[in-house]
Every structure is written in C-alpha cells, then in structure tokens.
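Residue strings, one per chain:
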Amino acid sequence: MNTKENPQISLVGAGPGDIDLISVKGLDRLKKARVVLYDALVNEELLTYAPTAKKIFVGKRKGYKAYEQEEINQLLVESANEFGHVVRLKGGDSFVFGRGMEEIQFARKYQIPTEVIPGISSSISVPALAGIPVTHRGVSNSFFVLSATLADGSLNPELKKAVQLDATIVILMGLSQLEKITRLYQEESKQDLPAAVIYNGSLPDQKILSGNIETITGLHQQAGIEGPGVIVIGNVVAFSSAAAHSETFHEAKSTCLS
C-alpha cells in the first residue's frame, strides 16, 4: 500500500523573532510538517515544534547565501513531491519583502496545493514593542514601509519621495544605507526629525537607539551592532521610552504567556 502523503506547501510567517508571536495556525502547520525550509531571520527555537521534520536552512547571512531563489523554488517542489507537507518558514510576514508570492506561483505551476498563513510583520511589530506607534492622531496620519536596498545593492530611489512626506517612515534592511538615508533628510533641512534604530526586535537582547536625523548614523556606528535592525523616522519616535534617554541604549522589557 502506498503511504506517501499528498504534496502541499504552507507558507508560514514566523513573526519578528519572539517565538510566542507566531500565529496559532502557523504553529499548527509547523507541528505537522514533514520538511521545513527556513530563513536566517527565523528564530530557530521554532524548529523544535517540528522534531521529526527534515530542516533545511535556505536563508542569507552577511556574506553568505545558502541557495539562490530559483533553487529554493525548486527545492520546495521537490520536497513536497517526495515527503508531502512542506512548511516554508519566513521571518516576519512572507509577503512583506519576503518573495513569498514568487514561491507560491512556482509551486502552483506544478499543481501543488498551497496556503498562505500571514505572520506579524516586523515593520509594525518591532516599532510597537519599542513603544513607537506608527500612526498617532495629530502626529502621523499614515506610515510607509520601504526596503532600503534594491536587488543590485543600490539605494531604493523611492526614499527620495518618502523624505518629502510627514508620514512615519519604516525602513527594513537599511542599516548599511543609514548614512545615505539620513543625508537625504538633511538635504531637506530635516536634521532635527526624530529617528530610531531598533535592533533584534522582540528578542531578549532587543535594543533601541534613539536620536534624530543628524545624530542617528554616528550613534549607530559607535554602537557597532550588526544584527538585524528596523529604522523608524518621524515624530512618533518621541513616544518611545527610549526618547527619555536620548542617544542611549536601553533594554526593552517584554512579557510572554506560557
């Protein structure tokens, strides 16, 4: 008798890092997975919920890329056909700069059933955990989320438009471009605009560095932290408890339910 499971792929957003911030549905799929393909920003503690599954790291770290995107697409299909249920586990939300739709479209070409389980995006959750609301009545009526860097490594030209806005600007994957970003704001005489960098958001070692456009790059360089960071620019930064200790680090307190 053929006991092979039918192939299927679940695209699961793992959230910003704290394992308690994955969805109930995402955790359910993880527990049922036969194979898990996971990225660098995924908290590896989550993998313990799939003890018998085959785990494959397919992420990128500084100076190292495990697989090209086309290889990941093919690996998803091959794993589903061989083992059955595959979970593609991505940090944050898979559709926010996560190339999740590319993977779904590729799998559908091979008639493999797919599902998308959203995750909590770091673009809103990391500022929130740092005490920064991305919108606030009378302060910011909207927010924009941008990736700082294009595929070829150049600065995202849409940042030049974002500088003109009064909205909160949230920038992902932007630490290496921070000096160029702040220069754009300085050219618009916005050197006093509050700015923050939140490192390792939602994790026990989360740190918040706050200042303004004029000071934030120097403070970041002085800190010497290479971990993932979210940049927030706008008057809402003043709501962060970090603003009370301007230009200093503080450990972010958090609670979790067990």
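We now turn to the structure provided with this report. It should be emphasised that the depicted structure is a prediction, and the values quoted were computed from it without experimental measurement. (Residues numbered from 1 in each chain as written. Predicted model: local features only at pLDDT ≥ 70, side-chain atom pairs only at ≥ 80, totals over all residues. Heavy atoms only, no water.)

**Structural notes on the overall build of the chain**
Logical step 1: From N to C terminus, the chain includes seven helices and 12 strands.
Logical step 2: Here the chain has a C-alpha radius of gyration of 20 Å; the compact-globule value for 258 residues is 18 Å, and the two agree.
Logical step 3: For the chain, the residues scored as buried account for 48% of the 258 residues in total.
Logical step 4: Nonlocal contacts in the chain, meaning residues at least 24 apart in sequence, comprise 67% of its contacts between residues at least 6 apart.
Logical step 5: Accessible surface computed for the chain: about 13,500 Å², of which carbon and sulfur atoms make up 51%.
Logical step 6: The averaged location of the 28 negative side-chain charges in the chain is 5 Å from the averaged location of its 25 positive side-chain charges. (Helix = DSSP H or I, 4+ residues; strand = E, 2+ residues; numbered from the N terminus. Rg over C-alpha atoms; globule rule 2.2 N^0.38 Å. Buried < 20%, exposed > 50% of the residue type's maximum accessible area, 1.4 Å probe, protein only. Contact = heavy atoms within 4.5 Å. Areas by Shrake-Rupley, 256 points an atom, 1.4 Å probe, with all protein chains shown as cover. Lys, Arg positive; Asp, Glu negative; His and termini not counted. Charge placed at Lys NZ, Arg CZ, Asp CG, Glu CD.)

**Here's the deal with the sheet that holds strand S12 (residues 229-233)**
Logical step 1: Spatially, the five strands line up as an open sheet ordered S8-S9-S12-S10-S11, and their pairing is mixed. Of all the strands in the sheet, the pair left with one neighbour each is strand S8 (143-147) and strand S11 (207-212). Each adjacent strand pair in this sheet contributes to an overall mean axis angle of 20°, direction not counted.
Logical step 2: Of the strands in this sheet, strand S10 (194-199) and S11 are in contact with helix H7 (residues 216-223), which crosses S11 at around 150°. (Pairing = 2+ DSSP bridges. Axes fitted to C-alpha atoms, helices over the stretch in contact; angles between N-to-C directions.)

**Description of the packing of helix H2 (residues 69-83) against helix H3 (residues 100-109)**
Logical step 1: Remark: H2 packs on H3, axes separated minimally by 9 Å, with the N-to-C direction vectors making an angle of 45°. By the criterion of interaxial angle, the relationship of H2 to H3 is oblique. Classified by chirality, the crossing of H3 by H2 is right-handed. Seen from H2, the contacting residues are Gln69, Ile72, Asn73, Gln74, Leu76 and Val77; seen from H3, they are Glu102, Glu103, Phe106 and Ala107.
Logical step 2: Broken down by class, the residue content of the contact of H2 with H3 amounts to five nonpolar, three polar and two charged. (Parallel < 35°, antiparallel > 145°, perpendicular 65-115°, else oblique. Left-handed = near helix turned anticlockwise from the far one by under 90°. Nonpolar A, V, L, I, M, F, W, Y, C, P; charged D, E, K, R; others polar.)

**Concerning unusual backbone geometry**
Logical step 1: At Arg99, a position not held by glycine, the phi torsion is positive, near 60°.
Logical step 2: Within the fold, Arg99 resides in the loop between strand S6 (85-90) and H3.
Logical step 3: One non-glycine residue, Asn200, lies in positive phi territory at about 50°.
Logical step 4: Note that Asn200 resides in the loop between S10 and S11.

**What to know about helix H4 (residues 122-129)**
Logical step 1: The set of residues buried in H4 consists of Ser122, Ser123, Ser125, Val126 and Pro127.
Logical step 2: Positive backbone phi, approximately 80°, marks Gly131, located one or two places after H4.

**Remarks on the sheet that holds strand S7 (residues 114-117)**
Logical step 1: Spatial strand order, S3-S2-S6-S1-S7: five strands in an open sheet with parallel pairing. A single partner strand is all that each edge strand has here, and the edge strands are strand S3 (54-57) and S7. Adjacent strand axes in the sheet meet at a mean angle of 15° when their direction is disregarded.
Logical step 2: Alignment of strand S2 (residues 35-38) against S6, held across four bridges, turns out to be parallel. Across the sheet, the residue bridging to Val36 is Val87, located in S6.

**Description of the packing of helix H6 (residues 178-187) against H7**
Logical step 1: Interaxial distance between H6 and H7 falls to 9 Å at its minimum, and their mutual angle equals 165°. With respect to H7, the axis of H6 lies roughly antiparallel. Crossing geometry of H6 relative to H7 is assigned as left-handed. When H6 is examined against H7, the residues Leu178, Glu179 and Thr182 are found in contact with a partner set consisting of Ile216, Thr217, His220 and Gln221.

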